[in-house]
Amino acid sequence: MEVANTVAARAARTAQPHAWLCLEEFTHRALNDYSAMLSMLGIAARQTSDGRALQAFDEVSVRLRAAAAVFHALRPPHKMVLCEVDRQLESLCAALSTSLLSERGIRLTLSSEPISIGAYRCWQIMLVVSELITNASRHAFHSRRDGTIVVMLRCRDQDLECSVADDGSANQFAGPGRGTAIDRKSTRLNSSHITISY
């Protein structure tokens, strides 16, 4: 299965080299922008002696570094090697918790078996999981400041099952957005499927 995934990944990069190059360039520039913003925060912090302002600068810096770590975790793979997807998800969840969830009292937990898969498939799983966690944080807890999001990853026979669930409630007008549409297309292209319920 992983041999097929590696071949498919190489075929995708070969078929659309310009698109892949643009994606890598965009990722590189975005990470540089994060570094520049952190540098500006550091300069501003050094120019004040106000305790409350310094605390605010520190809190923003911590969350901004975590947001950069999320973006770093979602970079497209450069080498088609085996990756420990459970460890990759652990790093992603930790960064998302710090940058997006903890300030709102939302707890994110991960339950995963030790699983190694191809880098390309691992990257796709990371993108989908990140989008689903972000959606849950934005829409499931609109009327409260606490809650739980649980990510589970397990291997069943030759299938890899991943779920993202929350204990929040959806707005009555909630429906799939652009991110969900991208996730659905991505999974279809890789002979996978995604099920979403509210």
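Along every chain, residues carry numbers that run from 1 in the direction the sequence is written. Since the coordinates come from a predicted model, pLDDT governs what is reported: local features require at least 70, and pairs of side-chain atoms require 80 or more to be given and counted, while whole-chain, interface and lining totals use all residues. Water and hydrogen atoms play no part in the side-chain values, which are based on all heavy atoms of the structure.

K.L.:
Could you give an account of the packing of aromatic side chains, with specific residues and numbers?
P.N.:
Each aromatic pair joins two rings of Phe, Tyr and Trp (for Trp, the six-membered one) with centres within 6.5 Å, and gets the label stacked for planes under 30 degrees apart, edge-to-face for over 60, and tilted for any other angle. By the definition in use, this model includes three aromatic pairs. The interplanar angle of 55 degrees and the centroid separation of 6.1 Å between the aromatic rings of Y34 and F71 together place this pair among those described as tilted. With a gap of 37 residues between them, Y34 in helix α2 (residues 17-46) and F71 in helix α3 (residues 51-73) connect regions that are remote in the sequence. Overall, F71 belongs to the partly exposed group, its relative accessible area being 22%. Starting at the N terminus, helices and strands are each numbered in turn, a helix being any DSSP run of H or I of at least four residues and a strand any DSSP run of E of at least two. Residue exposure (1.4 Å probe, protein chains only): buried if accessible area is under 20% of the type maximum, exposed if over 50%, otherwise partly exposed.

K.L.:
Before we move on, could you go through the side chain of S97 and cite the residues and values that matter?
P.N.:
Checked against the element boundaries, S97 lands in helix α4 (residues 85-101). Among the residues examined, S97 registers a relative accessible area of 17% and is labelled buried. Once residues within four sequence positions are removed from consideration, S97 is found in contact with S102 and L108. We call two residues in contact when some of their heavy atoms are within 4.5 Å.

K.L.:
Outline the confidence of the model for the protein chain, supporting the account with residue identities and numerical values.
P.N.:
The share of residues in the protein chain with pLDDT of 70 or more is 76%, and the mean pLDDT across the chain is 81. Residue-level confidence of the predictor is what pLDDT reports, using numbers from 0 through 100. Across residues 1-8, where pLDDT falls below 50, the model places seven contacts with residues more than four positions away in sequence or in other chains.

K.L.:
For the sheet that holds strand β2 (residues 106-112), give the residues involved together with the corresponding values.
P.N.:
Pairing between two strands is assigned when DSSP locates at least 2 bridges connecting them. Read from one edge of the open sheet, three strands run β2-β4-β5, paired in mixed fashion. On the outer flanks of this sheet lie β2 and β5 (159-166), each paired with one strand and no other. Averaged over all pairs of adjacent strands, the angle between their axes in this sheet comes to 10 degrees, without regard to strand direction. Pairing of β2 with strand β4 (residues 147-156) involves seven bridges; the strand directions are parallel. Its bridge partner being in β4, S112 is matched across the sheet by L153. Every axis corresponds to a line fitted to the C-alpha atoms, with the helix fit spanning only the stretch in contact, and the corresponding angles, defined between N-to-C directions, vary from 0 to 180 degrees. Docked against the sheet, α4 engages β2 and β4, running at close to 180 degrees with respect to β2. Against the sheet, helix α5 (residues 119-139) engages β2, β4 and β5, with an angle of about 15 degrees to β5.

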